[in-house]
Amino acid sequence: MDPKECSCDPAAQDMLRRMADAGLTTAWDRLEAQSPQCKFGKQGLCCRICNMGPCRIIIGKPGKDRGVCGADADTIIARNFLRAVAAGASAHSDHGRGVAHTFLAMARGEAPDYGIKDRAKLLSTAKLMGVATDGRDDMAIAQDLGEQALAEFGKPHGTQRMAERAPGPRQGTWKKLNVTPRAVDREIVEALHRTHMGVDQDYLSILHHASRCALADGWGGSMIGTELQDIMFGTPVPVRGEINLGVFKEADVNIAVHGHEPLLSEMVAAAASTPELVAEAKKAGAAGITVAGICCTANELLMRHGIPVAGNFLSQELAIGTGAVDLMCVDVQCIMQSLTETVKAFHTKLITTSEKARLPGVEHVVMDEARAMEVGRQIVRMAIEAYQGRKGEVHIPKDKGEAVVGFSHETINYMLGGRFRQSYRPLNDNIINGRIRGVVGVVGCTNPKIKHDWGHTELIRELIRRDILVVTTGCAQIACGKQGLLMPEAIELAGPGLREVCEAVGMPPVLALGSCVDNSRILIACAEMVREGGLGDDISALPVAGACLEHITEKALSIGQYFVASGALVVFSEQLFPVLKESNVAKYLFEEIENELGGKWAVQDDPVKAAELIHAHIEAKRDALGINREVQRKLYDMEDRRKLEV
Ligand code: BF8
Ligand code: SF4
């Protein structure tokens, strides 16, 4: 295993070498040990939903082409796909529900360490959710909003309120196909019911529910989570930060916060900066306290406070390997169980904090919203204690990238339009005049099957070179940060049109929007672009796309499906997409779904080819909008256009 083949991040390469020398294994080693992996599973052709199975389907082989119950390949692939979308939607939405619970407790005065940081957003979100605001006290509004938000998860009637933010024609398309998302819980429960043995066995019907369920995530659970977090913790505005393992400091007490929910990490970060605890750390012999994030909780903290990011998903074991992490606290999602083994070789204290996510043999410190700051302080003190037991060599790679992050939908509005005329007009105008060809969301995970960070960053380089503005979230955002792509200086890599716009506005060509639940910000940005005018009347008319070439989680599939169902092209890696290419399910997801919902999936392993494919799609949308006429003559000759026809 050559570290250079595993990752394009020099810090990760360095740590992989050191960990191998120390006899410590990582996800890359375990992938090798698991190889070759089951082809049936990779293509969605394995069913173990009932106890007559597991059944594995071989298409075209009589007798082997159906499961014991008679289910065919399309039913099984579609069921697996829907189950994955439902699990992904449940993860984002349960996060959103947790935020809503704390929000309501805050409004009732039962969570005194939380408050309202963005009053304007409280009022605008209340309005959206049908909560009266005139002449009312903030906390009274917040109570009603909290109740209303919680109701969105389980209400017996009606559809998601947030989905009403989509353009009118989009809502009409959903209504016509009967996929407008109802209560979040209902869509997820129904997904499990439909895919139980012997229920929904029409792949199209199953896939329609995949759209409904994913939309309940994007325009429901995730969006509620993002909006309420912004109200409580502040809507992100551009802030500078540092990203990669080099953010740890040998002389400091180092705390890694890993997972997804800012409810706890906000408190740990706040506690770590109190003079009282800094003094305790100094008394223990440290120079200070460093808090650094891993995975999406990192994005949340970086976006709101400039707190450094240690790495993305594949960096979690490597962070422990530095020997510099005194305490790692984890909450939910994307946490490797192997951490419990890795910490054994170091002094690192590992703790779990969510009732929903324990690790065997790991101390659990319960996150209680009623005394959140106290829990935060307790965790920092545990880190100081662990620091005193530090043993062995500390090796912190020097590498770290600088980044400017925090481009919420509101910030983009403000940056582009200015203080007195906040609007998307300049973005739309620059798309119409062709300086910016379109906008692409590059999002999602890092998977050891793909060279770490490479899929995202190669794709992004190729897109900005083609004058396509990129917005990013999740582990892809962290990958960009390590390589300097989130800095204004990255305009050097952009095409002339995009560079001109970025220079004028003072923004990087790759805008960091936050964590994976914050993909809902991209939906809002798309809706705003439509509302601003000149680019058609629906998201499906926009020259936009989404991409994730390193996906691992079910959450990523839910995100992909809600972008497709919202009208966008979404490109994933071919080798990672769990659908047999020769199936009717693939034909629907890659082609036919476009006739129903205006978006579609595509697969491509090669980042440059993926960029070509996306660019061709964007130019086709521009042609359809009639905004390509003059610019074609200026920027594209026939040779260029032929190359784009993929
Ligand atoms: O929610 S990008 S590996 S960390 S799933 Fe996980 Fe994927 Fe990273 Fe954040 Ni999102
Ligand atoms: Fe096999 Fe059908 Fe049971 Fe799936 S549901 S395991 S295909 S018998």
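Residues numbered from 1 in each chain as written. Chains lettered and ligands numbered in written order. Predicted model: local features only at pLDDT ≥ 70, side-chain atom pairs only at ≥ 80, totals over all residues. Heavy atoms only, no water.

1. Thoughts on unusual backbone geometry
Step number 1: Geometrically, the link from Ser35 to Pro36 is a cis peptide bond, its omega value of -5 degrees lying close to zero.
Step number 2: When you line up the elements, Pro36 lands in the loop between helix H3 (27-34) and helix H4 (39-42).
Step number 3: Looking along the chain, the bond that leaves Gly53 and enters Pro54 is cis, with omega of 5 degrees.
Step number 4: Positive phi is not limited to glycine here, since Gln333 has a value of about 70 degrees.
Step number 5: You can see Gln333 is positioned in the loop between strand E7 (327-330) and helix H15 (339-342).
Step number 6: With a phi angle near 75 degrees, Asp453 is a residue other than glycine that sits in the positive phi range.
Step number 7: Tracing the sequence through the fold places Asp453 in the loop between strand E11 (438-442) and helix H19 (454-465). (Helix = DSSP H or I, 4+ residues; strand = E, 2+ residues; numbered from the N terminus.)

2. Quick look at the coordination of the nickel atom of ligand 1
Put simply, the ideal angle at a metal is 109.5 degrees for four donors in tetrahedral geometry and 90 or 180 degrees for six donors in octahedral geometry.
Step number 1: Of all protein atoms, Cys516 (SG) alone acts as a donor to the nickel atom of ligand 1, lying 2.2 Å away.
Step number 2: Its 4 donor atoms give the nickel atom of ligand 1 angles of 93 to 151 degrees at the centre, a pattern that matches the irregular case.
Step number 3: Position of Cys516 among the secondary structure elements: in the loop between strand E13 (510-514) and helix H22 (519-532). (Donors = N, O, S within 2.8 Å, 3.2 Å for Na, K, Ca; no water. Tetrahedral: all angles 85-135°; square planar, octahedral: opposite > 155°, others 65-115°.)

3. Focus on the site of ligand 1
Step number 1: With respect to spatial proximity, the complete set of residues near ligand 1 consists of His260, Cys295, Cys296, Phe313, Cys334, Gly444, Cys445, Cys475, Cys516, Ile552, Thr553 and Lys555.
Step number 2: One of the side-chain N or O atoms of Lys555 is found 2.9 Å from an oxygen atom in ligand 1.
Step number 3: Grouping the constituent residues of the shell around ligand 1 by class yields 8 nonpolar, 3 polar and 1 charged. (Near = heavy atom within 4 Å. Polar contact = N/O pair within 3.5 Å; in protein donor to acceptor, adjacent residues only side chain to side chain. Nonpolar A, V, L, I, M, F, W, Y, C, P; charged D, E, K, R; others polar.)

4. Considering the site of ligand 2
Step number 1: All residues adjacent to ligand 2 are Cys47, Ile49, Cys50, Met52, Gly53, Cys55, Gly67, Val68, Cys69, Ile76, Arg79 and Met197.
Step number 2: The residue inventory of the shell around ligand 2, partitioned by class, reads 9 nonpolar, 2 polar and 1 charged.

5. Here we look at the packing of H22 against helix H23 (residues 554-565)
Step number 1: Running from amino to carboxyl end, H22 crosses H23 at an angle of 10 degrees, the nearest separation of the two axes being 11 Å. In terms of their interaxial angle, H22 and H23 are classed as roughly parallel. Only Ile559, Tyr562 and Phe563 of H23 make contact with H22, whose side of the interface consists of Asn519, Ser520, Ile522 and Leu523.
Step number 2: The residue makeup of the contact of H22 with H23, split by class, is 5 nonpolar, 2 polar and no charged. (Axes fitted to C-alpha atoms, helices over the stretch in contact; angles between N-to-C directions. Parallel < 35°, antiparallel > 145°, perpendicular 65-115°, else oblique. Contact = heavy atoms within 4.5 Å.)

6. Quick notes on the nonpolar core
Step number 1: Phe81, Trp219, Ile255, Phe577, Leu589, Trp601 and Ile614 are the most contacted members of the largest nonpolar core, which has 181 residues in total.
Step number 2: Take this core: its biggest share by element is 17 residues, from helix H5 (residues 73-107).
Step number 3: Non-local contacts of Trp219, meaning those with residues more than four positions away in its chain, are made with Gln160, Met162, Ala163, Arg165, Ala166, Trp174, Leu523, Ala527, Ile539 and Ser566.
Step number 4: Residues Met19, Leu24, Ala292 and Leu350 belong to the second largest nonpolar core, which totals 36 residues. (Core = buried A, V, L, I, M, F, W, Y, C linked by side-chain atoms within 4.5 Å. Buried < 20%, exposed > 50% of the residue type's maximum accessible area, 1.4 Å probe, protein only.)

7. Looking at the pattern of salt bridges
Step number 1: Inspection of every chain in the model, using the stated rule, returns 45 salt bridges.
Step number 2: In this structure, Arg425 and Glu532 form a salt bridge, with 3.7 Å as the shortest nitrogen-oxygen distance. Taken as a pair, Arg425 in helix H18 (residues 425-432) and Glu532 in helix H22 lie far apart in primary sequence, 107 residues in all.
Step number 3: As a salt-bridge pair, Glu500 and Arg435 come within 3.2 Å of each other at their nearest N and O atoms. A residue pair is termed long-range when its members are at least 10 positions apart, and Glu500 in helix H21 (residues 496-505) and Arg435 in the loop between H18 and E11 qualify at 65 residues.
Step number 4: The exposure class assigned to Glu500 is partly exposed, which follows from its relative accessible area of 42%.
Step number 5: Connected via shared salt-bridge partners are Lys121, Arg165, Glu227, Asp230, Glu300, Arg304, Glu410, Asp518 and Arg521. (Salt bridge = Lys/Arg side-chain N within 4 Å of Asp/Glu carboxyl O.)

8. Details of the sheet that holds strand E16 (residues 600-603)
Step number 1: As summarised here, the arrangement of the 6 strands in space is E13-E12-E11-E14-E15-E16, forming an open sheet in which the pairing is parallel. The strands lining the two open edges of the sheet, one partner per strand, are E13 and E16. Strand-to-strand, the axes of this sheet are offset by a mean angle of 25 degrees, without reference to chain direction.
Step number 2: Note: E11 against strand E12 (residues 468-473), 5 bridges, orientation parallel. The residue of E12 that forms the bridge with Gly438 is Ile468.
Step number 3: Sitting on the sheet, helix H20 (residues 474-482) is in contact with E11, E12 and E13, with an inclination near 115 degrees to E12. (Pairing = 2+ DSSP bridges.)

9. Thoughts on the side chain of Arg182
Step number 1: Within the element layout of this structure, Arg182 appears in the loop between helix H8 (168-177) and helix H9 (184-194).
Step number 2: Among the residues examined, Arg182 registers a relative accessible area of 19% and is labelled buried.
Step number 3: Residue contacts for Arg182: discarding those within four places in its chain leaves Gly158, Thr159, Gln160, Glu187, Glu190, His209 and Arg212.

It is worth stressing that arrangement in space is one thing and function is another; only the former is reported here.
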